[in-house]
Amino acid sequence: MNIQWFPGHMTKAVRMMEENVALCNVLIYVIDARAVASCKNPVFDRLLNNKRVIYVFNKCDLVEKSDLDKWCKSFEAEGKTYVRAVGTSGECSQIVSAIKAIMSDVIDRYKAKGANKNIRAMVIGVPNSGKSTLINSMRKKASAITGDRPGVTRGKQWLALDSHIDLLDTPGTLWGKFENQTIAKHLAFIGSIRDDILDIADLAFEFVAEILKTYPDNLIERYSLESLVESPLEVLDQIAKARGFKLRGNEVDYDRTAKAIIDDFRKGRLGKIMLEKYERMILQNI
């Protein structure tokens, strides 16, 4: 399958971010921990110039700590500031602390003059990376619009974090063309690409083909299978049989099976799965 998706509102979103980045002191770059490399949007590179950046590994409860540690060490080696977070936990004070720490020299300089510095932070990331959920957790209330599908946030939203920090929530944004289809598939798996432009059965086939090589035991445990065959299509048949997903005539309901598998992955019901382990991405130069 070939995946391409760049709706018109994303062009407007990129333009809006470029127009507003000069107003911001720091960028909060949200990354889904399951697909770190794929969540690094090349379009954002233009925003990062001469800006302080805090990388937030979100949804880190959905991956093994040891796997994420390797990505964290690589960011440390590059001198990048990062924090780990679970946006849905309702506790993201570590991001607030990171904002104050990275801006401490500026804050102290203003304090020395008897003034307070109002910090403005722009929150960026690919669709469905959890930006708005993180903002709501930081603010301890639901103000930013959230959803478990891409494209929920369409325009900019300025939100006060406290009396000295303002956050700019921005629409999740991809880039114009996916040259690497592995990246495209991983973004589709985590929900960064709208499901209604995809063939969900093909997507589940691609997902199962990958997970068979990396996390076969997760499939066995989740769907109570005795063993796995090597063919992704036959695994779909096994799962459909285990769940009773049949059409009239006893044919396999591939659409229902596919939706269940993808939803199970996105909701963490398949266990902790990192699609992009650091060492594998380095070997593939992604």
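Residues numbered from 1 in each chain as written. Predicted model: local features only at pLDDT ≥ 70, side-chain atom pairs only at ≥ 80, totals over all residues. Heavy atoms only, no water.

A.B. asks: Please clarify how the packing of aromatic side chains should be interpreted in this entry.
C.D. replies: Two aromatic rings are characterised by how far apart their centres lie and by the angle between their planes. Taken as a whole and assessed by the stated rule, the structure comprises 9 aromatic pairs. On the basis of an interplanar angle of 80 degrees and a centroid distance of 5.4 Å, the ring pair of Tyr29 and Phe44 is categorised as edge-to-face. Here Phe44 lies in the loop between strand S1 (26–32) and helix H2 (45–48) and Tyr29 lies in strand S1, a separation of 15 residues in the sequence. Of the two residues examined, Tyr29 and Phe44, each falls in the buried class. For the pair Tyr55 and Phe75, a centre-to-centre distance of 5.2 Å together with 85 degrees between the ring planes defines the contact as edge-to-face. Of the two residues, Tyr55 sits in strand S2 (residues 52–58) while Phe75 sits in helix H3 (residues 65–77), which places them 20 residues apart along the sequence. (Phe/Tyr/Trp six-rings, centres within 6.5 Å; stacked < 30°, edge-to-face > 60°. Helix = DSSP H or I, 4+ residues; strand = E, 2+ residues; numbered from the N terminus. Buried < 20%, exposed > 50% of the residue type's maximum accessible area, 1.4 Å probe, protein only.)

A.B. asks: Can you walk me through the sheet that holds strand S3 (residues 81–84) in this structure?
C.D. replies: Strand order across the open sheet formed by 6 strands is S3-S2-S1-S4-S6-S5, with mixed pairing between neighbours. What marks the edges here is a single partner per strand, and that holds for S3 and strand S5 (157–162). Averaged over all neighbouring strand pairs, the angle between strand axes comes to 25 degrees, with direction disregarded. Here S2 pairs with S3 via 4 bridges, running parallel. Among the inter-strand pairings, Val56 is bridged to a residue of S3, identified as Val83. Seen against the sheet, H3 touches S1, S2 and S3 and runs at an angle of roughly 165 degrees to S3. (Pairing = 2+ DSSP bridges. Axes fitted to C-alpha atoms, helices over the stretch in contact; angles between N-to-C directions. Contact = heavy atoms within 4.5 Å.)

A.B. asks: Sorry, what's going on with the pattern of salt bridges here?
C.D. replies: Oppositely charged side chains may form a pair once their charged atoms are brought near each other. Going through the model one piece at a time under the given rule, you end up with 18 salt bridges. Where Lys185 meets Glu206, a salt bridge forms, and the shortest distance between an N and an O atom there is 3.2 Å. In this pair, Lys185 sits in helix H7 (residues 181–189) while Glu206 sits in helix H8 (residues 200–214), placing the two residues 21 residues apart along the sequence. A salt bridge links Arg266 to Asp195; its shortest N-O distance comes to 2.8 Å. Here Arg266, found in helix H11 (residues 254–266), pairs with Asp195, found in the loop between H7 and H8; they are 71 residues apart in sequence, far enough to count as distant. (Salt bridge = Lys/Arg side-chain N within 4 Å of Asp/Glu carboxyl O.)

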